[in-house]
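Chain and residue survey
The lines below spell out each chain.
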Amino acid sequence: MENSSWLEFAHSAVDYGIIGILVIMSIVSLWLFIERMMAYGAVRIEEYETKEELELDLGNNVSTIATIGSNAPYVGLLGTVLGIMITFYSLGDVGAVDPKKIMTGLALALKATAMGLVVAIPAIVFYNILLRKMERLITLWEINAHKKQG
């Protein structure tokens, strides 16, 4: 009985732990995207002396969004692998093969991968939107710099 309660705890810890991490990653990604869009709307490109200063200000937190987008599927995959390991261990511990238990355990484990993709896809979209907005602002700065020289 004690082994069964340990397996239940392990399954819950993996399930809620991985999903919790992915929810936090999703919230951080959305928050940083909103913050960057507000910052880009308020930027005054004429106040920057050099292009590098503008790039530094525009690039704040953008790499964090890219990191979340690229790593969320791996976090989900980790949850899936751990969930499958726990499912197989519990089946081996019982000694009987119950197809219903196998399919339920595998389906629950795969939801971690799905959640990882649900977090990653919007984060990559956010990153691409911000990257394009950065490129536009830098190009506008360059146009203004050429006008001042000529």
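Throughout what follows, the structure given in this document is the object of discussion. (Residues numbered from 1 in each chain as written. Predicted model: local features only at pLDDT ≥ 70, side-chain atom pairs only at ≥ 80, totals over all residues. Heavy atoms only, no water.)

**Focus: the overall build of the chain**
On a plain count of helices and strands, the chain comes out with 4 helices and 0 strands. Mapped from its N terminus to its C terminus, the chain presents α and β elements in the order α-α-α-α. Taken against the 2.2 N^0.38 rule, which gives 15 Å for 150 residues, the C-alpha radius of gyration of the chain at 23 Å runs more than 25% over that of a compact globule. Each of the three principal axes of the chain carries a C-alpha extent, and together these read 80 × 25 × 20 Å. (Helix = DSSP H or I, 4+ residues; strand = E, 2+ residues; numbered from the N terminus. Rg over C-alpha atoms; globule rule 2.2 N^0.38 Å.)

**Notes on the packing of helix H2 (residues 51-58) against helix H4 (residues 99-149)**
It is at 10 Å that the axes of H2 and H4 come closest, and there the two elements cross at 160 degrees. As the angle between them shows, H2 and H4 are arranged roughly antiparallel. Taken as a pair, H2 and H4 cross one another with a handedness that is right-handed. Of the residues in H4, those in contact with Lys51, Leu54, Glu55 and Leu58 of H2 are Met134, Leu137, Ile138, Trp141 and Glu142. (Axes fitted to C-alpha atoms, helices over the stretch in contact; angles between N-to-C directions. Parallel < 35°, antiparallel > 145°, perpendicular 65-115°, else oblique. Left-handed = near helix turned anticlockwise from the far one by under 90°. Contact = heavy atoms within 4.5 Å.)

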